Amino acid sequence: MKSYHALIIGGGGTGGALAHDLALRGLKVTLVERGEVTSGTTGRHHGLLHSGGRYAVKDKESAVECIEENLILRKVMPGTFEENDGLFVAITEEDVEYSRLFIEGCTDCGIPTHQLTREQALAIEPNLSPNLILAVQIPDATMDAMRMALRFFATAKHNGAEFKTYTEVLDVEKTGGTVTGVRVVDHRSGKESVINADIVINAAGPWSGKVADMVGVEVPIRPSPGVMLALEGRLCNMVINRMTPSGDGDIVVPQRGLSVIGTSSWVVDDPDNLGLPSDHIEKMYAEGEKMIPAVRKAPFRAAWSAARPLIGPRGADTGRELSRTFKCFDHVDEGVEGFVTITGGKATTARGMAEATANVVCQKLGVDAPCRTREVVMLPHTAYFTG
Amino acid sequence: MTKEITFKVFRYKQGDPAPHYDRFTVPCDENTTVLIAMQDIRRDQDPTLMLRHSCHHASCGTCGMRINGKEELSCVVKVLDLGTPTVTVEPLENLPLISDLVVDMTGFYQRYTAARMPYIRQSEFNPGAEPPEGIDRYTRYENCIECGLCLSACPVAGSDAEYLGPAAMAAAWRAVEEPRNGDGKHALNWVDNEHGCWRCHIAFECSEVCPSNVDPAAGIMNLRRKLTGSSLLRLFGIKR
Amino acid sequence: MQDVQSTQDTVRPKRPLLAWFDVRSRKLGSWAFALNRLTGLGLVLYLFLHLVILSLLLRGEAGWDAFIKLARSPLFLLMDAVLIFGIIYHGLNGIRVGMVGLGYGVRAQRGLFWTLMVIGAALLVASIWLVFTI
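Reading the values: rules and limits
- Residues numbered from 1 in each chain as written.
- Chains lettered and ligands numbered in written order.
- Predicted model: local features only at pLDDT ≥ 70, side-chain atom pairs only at ≥ 80, totals over all residues.
- Heavy atoms only, no water.
- Contact = heavy atoms within 4.5 Å.
- Salt bridge = Lys/Arg side-chain N within 4 Å of Asp/Glu carboxyl O.
- Helix = DSSP H or I, 4+ residues; strand = E, 2+ residues; numbered from the N terminus.
- Buried area = accessible area lost by both parts, 1.4 Å probe.
- Polar contact = N/O pair within 3.5 Å; in protein donor to acceptor, adjacent residues only side chain to side chain.
- Pairing = 2+ DSSP bridges.
- Axes fitted to C-alpha atoms, helices over the stretch in contact; angles between N-to-C directions.
- Domains from an automatic or database assignment.
- Nonpolar A, V, L, I, M, F, W, Y, C, P; charged D, E, K, R; others polar.

I'm lost on the interface of chain B and chain A in this one. Help?
On the chain A side, the residues contacting the 55 residues of chain B number 57 residues. At the boundary of chain B with chain A, the tally comes to 2 salt bridges. The partner of B:Arg52 in a salt bridge is A:Glu36, and the shortest N-O contact between them spans 2.7 Å. Contributing elements (two or more residues each) for the side of chain B that touches chain A: helix 1 (34–44), strand 6 (97–99), helix 3 (106–114) and strand 9 (139–141) of chain B. In terms of residue count, the dominant contributor to the side of chain B that touches chain A is helix 3 of chain B (5 residues).

In structure tokens form, the structure reads like this:
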């Protein structure tokens, strides 16, 4: 029977980036995903390539990760980002007050800022609110959430990684305290089989708690959904952030011919049952129109929920206080060998998360191979389908 | 307000002698899209139901289906807006079926990438706006979201399995219209054959179903005009 | 030609004729397209019929007179009307398809269709009136 060095559970951005990293290091990698790749949280975020500005005041660790990854991804994924920068806009005196902390925080984290007057900002983004007082330009960019992640998958596939989609994990196989593989069902045919691997990596995002339950280990994951609203028409070309601490409806992200407003935050138990509260949709309109008044009149396109995989004790309740950084758990301290969980984080830092996890995986397998994902230019997303 | 809606869903698993339909009843409210209803079926009634989805806001193009016979992105079709007590859900046509609602997009992407269109284009929105310091010009992603609805709706694709199809030729036209890294000659040569732009029979179904303002039919016709124009010039010995 | 996967689906094989004429939940373009093919086929059929009937002339006066008598019957005149519809529709839609097919008036194709159809309807009414009164 064919055996792999590493088997990844979960075909989101994290799993894809990890497959890419490990494949470049010469490992035999396979990935199982119960649906199509990027069908969980990955495809559903608003498409922001973070500059780190959003976290520069309260979560400096995340902010530094973001700006580093932002610069790396622009190099290794040319042609994937709408590189129009972003603005943090102050529309109240309180916002102006916050802007001092903001610029200070950005400077500390190495995020370049450029302060603009009201007139300068309105000249580059004419749809901004007339109440605008000042704006700060930061190196945000936008992406197509699915297509950015698909470049990891495309390149990994080219380098020999095998992707098994529509393949759901039924159980994790163990011998003594060691994980040896997974039992899966292929939904295309209904056939069950066992896939063996030296190490199994749980990259199931908000579902990683469910996977951990199969092994009998604890992953402190909190599926924390947010509502997003897509409107027809590109109301801005830059990413427009509100100059406030992180809150509901604090961002408008232009995407193709759409404008996406995000997001809210709460916590659920089942990542397959998020719901879509109508009052959250209204909140997106209400907060969005404070920054761009045309939001209220723009035709509705879609509203949806997506669950962030936040790390935190099972007990915190709004999701906002949870850190946006990522964490790699080696469950060996819980008496389980051959099983690693990577969770938390965000699309912008997927490559960095993968690097950290691949380091752990290689160390456990005794493989001495350096990470190459900072330099290797990735294939276009379409190569996932044609390659 | 919640209403019980019956979904008649196309089912097929590899090894089945033939496809069939299953019926599921799902409570739907005013926010429930066909995509959410399919996911609810998978969660609560049949975990083996296969479908593609990703962004949930008409930007990724994976959730295309035939809903009551019409090609749509299931993420933006609200069930109660359809107004039918039974909603029929089928996979896209003119692409090989993998299972249930999932079709194989390989052929679609083989054609689409052959046009060699760059995915980032100049943004035409807010035309008066000056880009900020450090940005030469505002850019954005191309309109096409590679959903395949156009190919499914095309009557010609149904009769010529080698037809390049609307999305690929619309991409070719974009490569000619805004060349960016080339002159568009490759794209023009590529469509100039019997499975290319001359095969189109002008039914406009591609543009009718396109969820992303691509207007593939206009792209194909523009390619023809360009090719006809240069043929005429060649006829009179003028080279361009 | 190029190395691309066929769009033929072996699980759901498609009959080309069905692809052309299945207008369920399709829009104006498909109806126009299907009707154009239908009238086109009808006109080809008519052309052969027409030649067969003209060949009656070679076989003498009696046969031809009998045919002319038949041709004056109301049912035959109705078939004439159908023929005229076919000619007018195919011709006028052909103008649209020809123009649009070379890249002219693409965005106005719907308006073009209905304008030509209004002209067509007027021509049809006038022709039918002539057929039944002369």
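So what exactly am I meant to see when it comes to the interface of chain C and chain B here?
Size of an interface, as often reported, equals the accessible area lost when the parts are brought together. Listed by partner, the interface residues are 33 residues for chain C and 47 residues for chain B. Roughly 3,400 Å² is buried in total at the junction of chain C and chain B, and carbon and sulfur atoms are behind 53% of that figure. Contact with chain B buries surface across chain C, with C:Gln5, C:Thr7 and C:Arg12 losing the most and accounting together for 20% of the total. Run the count over chain C and chain B and you get 4 salt bridges. Between C:Arg26 and B:Glu205 there is a salt bridge, and its shortest N-O distance comes to 3.4 Å. At the junction of chain C and chain B, the tally comes to 19 residue pairs in polar contact (both at pLDDT 80 or more).

I keep staring at the sheet that holds strand 15 (residues 251–255) of chain A and nothing clicks. Help me out?
Sheet strands pair by backbone hydrogen bonding; their relative direction is either parallel or antiparallel. Residue and element names in this part refer to chain A. Spatial ordering of the open sheet is given by 6-7-5-14-15-16-13-17, a layout of 8 strands whose pairing is mixed. With partners counted over all chains shown, the strands left at the sheet margins are strand 6 (114–117) and strand 17 (300–311), one partner each. Direction aside, the axes of adjacent strands within the sheet are offset by 25° on average. Bridge count for strand 5 (residues 86–90) against strand 7 (residues 134–138) is 5 bridges, and the pairing is antiparallel. Residue valine 89 lies in a different strand from strand 7, and its bridge partner there is alanine 135. Packed on one face of the sheet, helix 3 (residues 93–109) meets strand 5, strand 6, strand 7 and strand 14 (239–242) and runs near 20° to strand 7. Set on the sheet, helix 7 (residues 278–291) makes contact with strand 5, strand 13 (221–232), strand 14, strand 15, strand 16 (258–262) and strand 17; between it and strand 13 the angle comes to about 60°.

Can you walk me through the domain arrangement of chain A in this structure?
Residues and elements named next belong to chain A. Parsing chain A into structural domains produces domain 1 (1–47 + 144–220 + 319–387) and domain 2 (83–141 + 222–311). Distance from the C-alpha centre of domain 1 to the C-alpha centre of domain 2: 30 Å. On the domain 2 side, the residues contacting the 24 residues of domain 1 number 30 residues. Both sides of the domain 1 and domain 2 interface together cover about 2,100 Å² of buried area, and 56% of this is carbon and sulfur. Viewed at the interface, domain 2 and domain 1 are joined by 4 salt bridges. Here lysine 210 ties to aspartate 270 by a salt bridge, and the two come within 3.3 Å at their closest N and O atoms. Across the contact surface, domain 1 and domain 2 share 9 residue pairs in polar contact (both at pLDDT 80 or more). Looking at the side of domain 1 that touches domain 2 residue by residue, the class counts come to 6 nonpolar, 10 polar and 8 charged.

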